Amino acid sequence: MRLALKIVAVVLAAILLAAGGAGVWYFNSKLPQRKGDVALKGLSAPVSVDYDERGVPHIRAQNEADLYRTLGYVHAQDRLFQMEVVRRLAQGELAEILGPKLVETDKLFRTLQLRQHAIDYVARMDMSTPASKALLAYLDGINQYQATHPAPVEFDILGIPKRPFTPQDTMAVSGYLAYSFAAAFRTEPVMTFIRDKLGPDYLRAFDIEWHPEGVMQAAALTDSTWNSLAHVARASTQAMDIASVPLFEGSNAWAISSRRSASGKPILAGDPHIAYAAPAVWYEAHLSSPGFELYGHYQALNPVALLGHNERFGWSLTMFQNDDLDLIAEQTAPDHPNQVMFRGEWVDMQVRTETIAVKGGAPVQLSLRRTPNGPVINDAFSATLGAAPVSMWWAFLETENPILEAFYELNRADTRDKAREAVAKIHSPGLNIVWASASGDIAWWAAGKLPQRPTGVNPSFILDASKGEAEKLGYYAFQFNPQEENPARGYIVSANHQPRPPSGVPVPGYYNLPDRARQLDQALAEPKRKWDVSAVQTLQLDVGNGYARRVLDEILPVLKSVVTDDNEKAFLEPLEKWDGTYTRDSIAATLFSQFLYELAKAAMADELGEELFASLLRTRALDHALPLLVADEKSPWWDNVKTTKRAESRYEIAAMAWHRTYEHLSTLYGSSLLEWAWGKAHTLTHNHPLGQQKPLNLLFNVGPFAVPGGRETPNNLSGNVGPAPWAVSYGPSTRRVIDFANPAASVGINPVGQSGVLFDRHYDDQALPFAEGIYQPQHLAWDDVRAHRQSTLSLRPAP
């Protein structure tokens, strides 16, 4: 509390000072410099940076080293605090600047051992490769900016010391990126509990193949082990909420062939779905040097674009959602708790101790253990000594994974063969790369090292190490990954749905509902339609899907037979007429979303308990389960196990859920149906790490904005299943459309703004247009850049 009051006092003092010249000078000294001359060490020739109307830098350099050094410098001007937060998050160092409430988050990321992995990875790197040289030049640009300029206001408020940024930081942050895809932490403990504690009849609702003999008996996990795993799942989800660091959640991407487009050239569209924060995850920059040009979207501390295009080619990405992380129950020796059974022998676990520095508190000592299968992930969250160790096998930690080289090459992949070769080098996280070129090619490759698991092993559950279930027999060759090149149908769509690998190789994963992909596919499959940029934008902004009807067609007849109150009956009518679109004025969208939560809670919370039910709400497994549940009147989930009377039925639970829906929404919005519009209940706010503390939210956060869209619609402005009101937590992190008949006229949008600097004019200048579905030009042709130039920053070699 004292830290929070100190923060408030500092900011209020700064605001009061702002009434005078000292305050104006203070905040102006923090703003990015976008015009004038700057001397930069290490440059071999002058570099020019033209800034357009959105604050996007267009960098022209005479060589790649100068190009990437300048990118690092201008990126740091706008996003230095973001860079600091993501490197601390990935390496478990947030409590050092944000205090005791971040200790749990730090424990999680220390347990994942991203810090040690980054150290080991960098030690093996060949720093003479072009990709490594680009990284070193980029980091040098960041460090030169940091060393020669006042610290961001957040550094002053929190007392953050300046430290140079290193390749270790970049590699650790790439681990955070991979972790953010890993649904196993939230899903596998819940699925295993349902299978082993409740039984196959309960599991049937989740459409997961039942393994009759199981991979682990129920007695293998004690209550303390279940509690520690629930704690891991909670820490996994709370980490991003507290730190306001974007988490990857889903995505759309599609490519339309020349014969299906109005222009006669391919069209590429993409909108990766990522958690919202201030600043946004992407930093846009246009880079040009002899032999290289790219308009790219960059992440903090990464010199290579993860999204990009130029006159010849472009690509977008979605999350593959393949399961590349296994949780493994270890068998410990009866007399030696630090030994585990591995391949028929007792072997010692590796043990390492780390210290977490805590601002305003005592340092926390953390003992990290590792088995031959990977890090033990529940030690740090075990309240008692009775918890059995559960380890983590993760492809990110276990594969070579030259991901920096992969994207460096993809940034230059002007042919289909080059793009395929680059994508094959991405081992983890699993990504779908959708690529198109002006020469007429379209392609999709599912990137990731796919492990060969023993026959019969279902990685949706916690595996039993003592039975060999955790063994990896090798990896499939990239040619067996799901992929398509120039399909006859004339388009490719990727929307996190389960792919159908032509090779027949199974790819278990935590895939999203098929409804979003079906909505896109239904539109793209129209045989006589010729697509243009405007039509693609309309499809990106589509706010409907068929999911609601799949649920309502089964449950509405039940509700109509059991709802007897006249007021509650009247509220059923909007659902009967609803077409499943989440427009701002939709009343049915509000009713359906609240009812979905109440139904899940009434049916499942009694069996699962508070912790596991909360984890289930944040999984994709629940989305798949609810249509199956409402269609199965004999499901054991309908019985409330906490009551002693006869078993409840689907009718009783549905009636209870509907009554609670009516009561909750009436309490929030009154008795008039007209006040229950989706836009009133469904809003988007971009949260800043300091905005967690009131009244700093009024300064640093951006929003709220009433927005359309919903869970698993193409315009996937969404959040987890839960009660109203709904704060949108993730959705399109940009919306890009490139017609290769005229790539210079491509369009996109940033959800917040280019700058992360408070009071800068580009801090939030795109937030309202984004909420309204407006697109902005992405200037690529240099005549166009000059026409929209707002200022020029000239960098010259320092003497």
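Procedures and definitions
- Residues numbered from 1 in each chain as written.
- Predicted model: local features only at pLDDT ≥ 70, side-chain atom pairs only at ≥ 80, totals over all residues.
- Heavy atoms only, no water.
- Helix = DSSP H or I, 4+ residues; strand = E, 2+ residues; numbered from the N terminus.
- Rg over C-alpha atoms; globule rule 2.2 N^0.38 Å.
- Buried < 20%, exposed > 50% of the residue type's maximum accessible area, 1.4 Å probe, protein only.
- Contact = heavy atoms within 4.5 Å.
- Lys, Arg positive; Asp, Glu negative; His and termini not counted.
- Charge placed at Lys NZ, Arg CZ, Asp CG, Glu CD.
- Pairing = 2+ DSSP bridges.
- Axes fitted to C-alpha atoms, helices over the stretch in contact; angles between N-to-C directions.
- Salt bridge = Lys/Arg side-chain N within 4 Å of Asp/Glu carboxyl O.
- Parallel < 35°, antiparallel > 145°, perpendicular 65-115°, else oblique.
- Phe/Tyr/Trp six-rings, centres within 6.5 Å; stacked < 30°, edge-to-face > 60°.
- pLDDT = per-residue confidence, 0-100.
- Polar contact = N/O pair within 3.5 Å; in protein donor to acceptor, adjacent residues only side chain to side chain.
- Expected span 1.5 Å × (residues − 1).
- Bend = angle between axes of the 7 residues up to and from the residue.
- Left-handed = near helix turned anticlockwise from the far one by under 90°.
- Nonpolar A, V, L, I, M, F, W, Y, C, P; charged D, E, K, R; others polar.

1. Comments concerning the overall build of the protein
Phase 1 of the analysis: For the protein, the count of helices and strands is 27 helices and 29 strands.
Phase 2 of the analysis: Over its C-alpha trace the protein gives a radius of gyration of 26 Å, about what one expects of a compact globule, namely 28 Å for 799 residues.
Phase 3 of the analysis: Relative to its full complement of 799 residues, the protein shows a buried share of 63%.
Phase 4 of the analysis: Residue pairs at least 24 apart in sequence account for 72% of intrachain contacts in the protein once pairs closer than 6 positions are excluded.
Phase 5 of the analysis: The average position of the 74 basic charges and that of the 88 acidic charges among the side chains of the protein differ by 4 Å.

2. With respect to the sheet that holds strand S29 (residues 791-797)
Phase 1 of the analysis: As summarised here, the arrangement of the 11 strands in space is S1-S29-S2-S3-S6-S7-S8-S9-S17-S18-S20, forming an open sheet in which the pairing is mixed. On the outer flanks of this sheet lie strand S1 (36-40) and strand S20 (483-485), each paired with one strand and no other. If you compare each strand with its neighbour and ignore which way they point, the axes differ by 20° on average.
Phase 2 of the analysis: When strand S2 (residues 47-51) meets S29, the two strands line up antiparallel, connected through 5 bridges.

3. Comments concerning the sheet that holds strand S10 (residues 325-329)
Neighbouring strands of a sheet are bound in pairs by backbone hydrogen bonds; such pairs are parallel or else antiparallel.
Phase 1 of the analysis: Strand order in the open sheet made by the 3 strands is S16-S10-S19, with mixed pairing throughout. Each of the sheet's edge strands pairs with one partner strand only, and the pair in question is strand S16 (390-394) and strand S19 (463-464).
Phase 2 of the analysis: The pairing of S10 with S19 spans 2 bridges and is classified as parallel. In the sheet register, Ile328 faces S19, and the bridge partner there is Leu463.

4. Overview of the pattern of salt bridges
Phase 1 of the analysis: With the rule as written, the count across this model stands at 46 salt bridges.
Phase 2 of the analysis: Between Arg312 and Asp414 there is a salt bridge, with its nearest N and O atoms 4.0 Å apart. Of this pair, Arg312 sits in the loop between strand S8 (307-309) and strand S9 (313-319) while Asp414 sits in the loop between helix H14 (403-410) and helix H15 (416-423), and the two are 102 residues apart along the sequence.
Phase 3 of the analysis: On the basis of relative accessible area, Asp414 is assigned to the partly exposed category, the value being 28%.
Phase 4 of the analysis: Residues Lys472 and Asp326 are paired through a salt bridge, measuring 2.9 Å at the closest nitrogen-oxygen approach. In this pair, Lys472 is assigned in the loop between S19 and S20 and Asp326 in strand S10, connecting sequence segments 146 residues apart. Residues Lys472 and Asp326 agree in their burial class; the two are buried.
Phase 5 of the analysis: Several salt bridges converge on common partners, so that one network encompasses Glu84, Arg87, Arg88, Glu93, Glu96, Arg115, Arg163 and Asp169.

5. Looking at helix H17 (residues 533-540)
Phase 1 of the analysis: When we look at burial in H17, the residues that qualify are Ala535, Val536, Gln537, Leu539 and Gln540.
Phase 2 of the analysis: Buried positions along H17 lie against strand S4 (248-256), strand S5 (267-275), helix H16 (515-524), strand S26 (736-739) and strand S27 (747-748).

6. Overview of the packing of helix H18 (residues 547-562) against helix H23 (residues 650-669)
Phase 1 of the analysis: Running from amino to carboxyl end, H18 crosses H23 at an angle of 85°, the nearest separation of the two axes being 9 Å. By the angle between their axes, H18 is roughly perpendicular relative to H23. Across from Glu554, Ile555, Val558, Leu559, Ser561 and Val562 in H18, the residues of H23 making contact are Arg650, Tyr651, Ala654, Ala655 and Trp658.

7. Quick look at unusual backbone geometry
Excluding glycine, residues mostly carry a negative phi; peptide bonds, for their part, are mostly trans.
Phase 1 of the analysis: Here the bond from Ala278 into Pro279 is cis, since omega is 0°, no more than 30 degrees from zero.
Phase 2 of the analysis: Relative to the elements of secondary structure, Pro279 occurs in the loop between S5 and strand S6 (283-289).
Phase 3 of the analysis: Cis geometry is adopted by the peptide bond preceding Pro695, which originates at Lys694 and carries an omega value of 5°.
Phase 4 of the analysis: Counting through the fold element by element, Pro695 comes out in the loop between strand S22 (682-686) and helix H25 (697-700).
Phase 5 of the analysis: Not every positive phi belongs to a glycine, and Arg343 is a case in point at roughly 50°.
Phase 6 of the analysis: Structurally, Arg343 can be placed in the loop between strand S11 (339-342) and strand S12 (345-348).
Phase 7 of the analysis: The backbone of Asn401 shows a phi angle near 55°, a positive value even though the residue is not glycine.

8. Considering the packing of aromatic side chains
Phase 1 of the analysis: Tallied over the full model, the rule gives 18 aromatic pairs.
Phase 2 of the analysis: Seen in terms of ring centroids, Tyr73 and Tyr145 are 5.4 Å apart; in terms of plane orientation they differ by 90°. Their pairing is edge-to-face. Placement of the pair is Tyr73 in helix H3 (residues 64-91) and Tyr145 in helix H7 (residues 130-148), with a sequence separation of 72 residues. Grouping residues by exposure puts Tyr73 and Tyr145 together as buried.

9. Here's the deal with the environment of Asn742
Phase 1 of the analysis: With respect to the secondary-structure elements, Asn742 resides in the loop between S26 and S27.
Phase 2 of the analysis: Overall, the relative accessible area of 43% leaves Asn742 in the partly exposed class.
Phase 3 of the analysis: Taking the C-alpha atoms as reference points, Asn742 and Ser263, 479 residues apart in sequence, are found 8.9 Å from one another.

10. Side note on the pairing of S12
Phase 1 of the analysis: Two strands pair when backbone bridges link them, and S11 and S12 are joined in this way by 4 bridges, in the antiparallel orientation. Among the inter-strand pairings, Phe342 is bridged to a residue of S12, identified as Glu345.
Phase 2 of the analysis: Connecting S11 to the next strand, S12, in antiparallel fashion are 2 residues, including Arg343 with a positive phi near 50°.

11. Observations regarding the confidence of the model for the protein
It should be kept in mind that the predicted coordinates are not to be read in detail where pLDDT is low.
Phase 1 of the analysis: Per-residue pLDDT for the protein has a mean of 91; in total, 91% of the residues score no lower than 70.
Phase 2 of the analysis: Below a pLDDT of 50 lies the segment residues 210-220, which in the model reaches 23 contacts outside its immediate sequence neighbourhood of four places, other chains included.

12. Side note on the side chain of Ser593
Phase 1 of the analysis: Its location among the elements puts Ser593 in helix H21 (residues 587-617).
Phase 2 of the analysis: Take Ser593: its relative accessible area is 14%, and that puts it in the buried class.
Phase 3 of the analysis: Of note is the side chain of Ser593, whose polar atom sits 2.9 Å from the backbone oxygen of Ala589.
Phase 4 of the analysis: Sequence-distant contacts of Ser593, defined by excluding residues within four places in its chain, comprise Tyr582, Trp678, Gly722 and Trp726.

13. Focus on H3
Phase 1 of the analysis: Its 28 residues place the ends of H3 only 30 Å apart at the C-alpha level, less than the 40 Å of an ideal helix rising 1.5 Å per residue.
Phase 2 of the analysis: At Arg79, H3 shows its largest kink, close to 90°.
Phase 3 of the analysis: For H3, a buried count of 26 out of 28 residues is recorded, marking the element as mostly surrounded by other parts of the structure.

14. Focus on the packing of H3 against H7
Phase 1 of the analysis: Running from amino to carboxyl end, H3 crosses H7 at an angle of 50°, the nearest separation of the two axes being 7 Å. Relative to H7, the element H3 lies oblique. As H3 runs across H7, the sense of the crossing is right-handed. Together, Ala65, Tyr68, Arg69, Leu71, Gly72, Tyr73, His75, Ala76, Gln77, Leu80 and Met83 of H3 and Ala134, Ala137, Tyr138, Asp140, Gly141, Ile142, Gln144, Tyr145 and Gln146 of H7 make up the contact between the two elements.
Phase 2 of the analysis: Looking at the contact of H3 with H7, its residues break down into 12 nonpolar, 6 polar and 2 charged.

15. Structural notes on the environment of Arg110
Phase 1 of the analysis: Structurally, the position occupied by Arg110 is in helix H5 (residues 103-112).
Phase 2 of the analysis: Judged by relative accessible area, which is 4%, Arg110 ranks as buried.
Phase 3 of the analysis: As for Arg110 and Tyr176, which are separated by 66 residues in sequence, their C-alpha atoms are 11 Å apart.
Phase 4 of the analysis: With residues near it in sequence (within four places) discarded, Arg110 still touches Gln91, Gly92, Glu93, Arg115, Glu354, Thr355, Ile356, Leu366 and Leu368.
Phase 5 of the analysis: A distance of 3.0 Å separates the side chain of Arg110 from the backbone oxygen of Gly92, its partner in a polar contact.

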